[in-house]
Amino acid sequence: MNKSVMKVIEGNGDFFTRFESNQLDKGKAEGTVEVYVRELKRLDEWLKQSGGDIESITRFDVQAYMNHLVSMNKAATTIDRIFGTISVLAKHIGRPSIVEDIRRPRKQSVTAIAPKSLDRNQINGLLRDVERDGNLRNIAIIYTLAFTGLRIGELASLNKSNVDLRRNGRIKVIGKGNKERNVPIPKEARYHLDRYLESRQDDNEALFLSNYNKPISKRSAQRIIEKYGYHAHELRHTYCRNLIRKGVDIVTVSQLAGHESIEVTRRYAMASEQEIELQVNNLFE
């Protein structure tokens, strides 16, 4: 018998010894049986806190344990795995009804979840941090991404002639498939772009320059955002998400973001992963 399995079941009594032997006799791998025993031991300890016992477990106990796991912020995949172990237990004790119609959270499809975006505190913290560092180019880059939703490659390829900083300014963007779109530049982004351009002492047509006074590369621009712990696509997602939250219609958001399909834009109207986790945590309350 595997020593690690024996260590897990030690002190758990004859029930776990019989369960372990039964599963090994059925051809289950020793590692798998070890996981089963470990999870069922945790369940047994939890049941004993309220006067229950794993040998007399009920359907009520199983549902209550699922609720407990949700309250502990366990992932849906983790809860499914533990539920699978309890299903093995149900067969072992000859009471499959204890796992029938048990409510538990389901992992959402990626396409049914809004892309990851920054909340108000995160975006405010990012803007504050880059301003404190004082690099006018970096400030202008992050404000432009946050307030226009441009892709990092689109930003890196911009020229001065693409930008109109007059009242109600706009950026002319050449996006995927060489499709052109005009994106409004909000006042805050215009202010920082103007400050950066006034500081320039060169004739280079590129809107943003690298530290070597050459047009900034996509990767170099990305490193600026990564310095603060974020990725450019998170700023783009935040822009789209905020537009949807403010009531801008999906067709307009799709046009501003340069999405190839409106179905891509619809994802921003869905719940985010954080919002789903909050809903799941309150699922059985």
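To keep things clear, this report deals only with the structure shown in the data block.

**Observations regarding the overall build of the chain**
Then comes step 1: Each helix and strand counted, the chain has 14 helices and 3 strands in total.
Then comes step 2: For the chain, the share of sequence-separated contacts (at least 6 apart) that also reach a separation of at least 24 residues comes to 59%.
Then comes step 3: For the chain, the accessible area works out to roughly 16100 Å², and carbon and sulfur atoms hold 47% of it.

**Quick word on helix α10 (residues 218–226)**
Then comes step 1: The set of residues buried in α10 consists of Ala 221, Gln 222, Ile 224 and Ile 225. What you see down the axis of α10 is that its buried residues fit within an arc of 150 degrees, all on one side.
Then comes step 2: Buried residues belonging to α10 abut α7 (136–148), α8 (152–156) and α11 (232–245).

**A few points about the layout of surface pockets**
Then comes step 1: What the largest pocket holds in volume is close to 590 Å³.
Then comes step 2: What lines the largest pocket is a set of 17 residues, and nearest its centre among them are Ala 146, Phe 147, Thr 238, Asn 242 and Lys 246.
Then comes step 3: Secondary structure elements with two or more residues in the lining of the largest pocket: α6 (120–133), α7 and α11.
Then comes step 4: Class assignment of the residues belonging to the lining of the largest pocket gives a composition of 10 nonpolar, 3 polar and 4 charged.

**Structural notes on the side chain of Thr 85**
Then comes step 1: Mapped onto the fold, Thr 85 is located in helix α5 (residues 76–92).
Then comes step 2: Leaving out residues up to four positions away in the same chain, Thr 85 has contacts with Tyr 36, Glu 39 and Leu 40.

**Remarks on the pairing of strand β2 (residues 170–174)**
Then comes step 1: Where burial is concerned, the two faces of β2 differ: the one with Ile 171 and Val 173 is buried and the one with Arg 170, Lys 172 and Ile 174 is not.
Then comes step 2: Here 2 bridges tie strand β1 (residues 163–164) to β2, and the two strands are oriented antiparallel to one another. Opposite Val 163, over in β2, you have Ile 171 as the bridge partner.
Then comes step 3: Between β1 and the antiparallel strand that follows it, β2, lie 5 residues; Asn 168 among them carries a positive phi value of about 60 degrees.

**Thoughts on the sheet that holds β1**
Hydrogen bonds between backbone atoms are what pair the strands of a sheet, whose relative direction is either parallel or antiparallel.
Then comes step 1: Pairing is antiparallel in the open sheet, where 3 strands are placed in the order β1-β2-β3. What marks the edges here is a single partner per strand, and that holds for β1 and β3 (180–184).

**Structural notes on the packing of α7 against α11**
Then comes step 1: It is at 7 Å that the axes of α7 and α11 come closest, and there the two elements cross at 40 degrees. Comparing the axis directions of α7 and α11 gives the class oblique. Judged by residue contacts, Ile 142, Leu 145, Ala 146, Phe 147 and Thr 148 of α7 engage Ala 232, Leu 235 and Tyr 239 from α11.
Then comes step 2: Taken together, the residues of the contact of α7 with α11 sort by class into 7 nonpolar, 1 polar and no charged.

**Examining the pattern of salt bridges**
If the charged atoms of two oppositely charged side chains come close together, the side chains can form a pair.
Then comes step 1: Inspection of every chain in the model, using the stated rule, returns 12 salt bridges.
Then comes step 2: With its nearest N and O atoms 3.5 Å apart, the salt bridge here joins Glu 55 to Arg 18. Of the two residues, Glu 55 sits in the loop between α3 (30–48) and α4 (59–71) while Arg 18 sits in helix α2 (residues 13–25), which places them 37 residues apart along the sequence.
Then comes step 3: Given the relative accessible area of 44%, Arg 18 is considered partly exposed.
Then comes step 4: Put simply, Glu 39 and Arg 81 hold a salt bridge, and the shortest N to O gap is 2.9 Å. Of this pair, Glu 39 sits in helix α3 while Arg 81 sits in helix α5, and the two are 42 residues apart along the sequence.
Then comes step 5: Three or more residues are tied together by salt bridges with common partners; here these are Glu 39, Arg 42 and Arg 81.

About the cut-offs
Residues numbered from 1 in each chain as written. Predicted model: local features only at pLDDT ≥ 70, side-chain atom pairs only at ≥ 80, totals over all residues. Heavy atoms only, no water. Helix = DSSP H or I, 4+ residues; strand = E, 2+ residues; numbered from the N terminus. Contact = heavy atoms within 4.5 Å. Areas by Shrake-Rupley, 256 points an atom, 1.4 Å probe, with all protein chains shown as cover. Buried < 20%, exposed > 50% of the residue type's maximum accessible area, 1.4 Å probe, protein only. Arc of directions from axis to C-beta. 1 Å grid on protein atoms, 1.4 Å probe; cavity = no way out; pocket = protein on both sides within 12 Å on 5 of 7 lines; lining within 4 Å. Points joined across faces, edges and corners; volume = space filled by probe spheres on them. Nonpolar A, V, L, I, M, F, W, Y, C, P; charged D, E, K, R; others polar. Pairing = 2+ DSSP bridges. Axes fitted to C-alpha atoms, helices over the stretch in contact; angles between N-to-C directions. Parallel < 35°, antiparallel > 145°, perpendicular 65-115°, else oblique. Salt bridge = Lys/Arg side-chain N within 4 Å of Asp/Glu carboxyl O.

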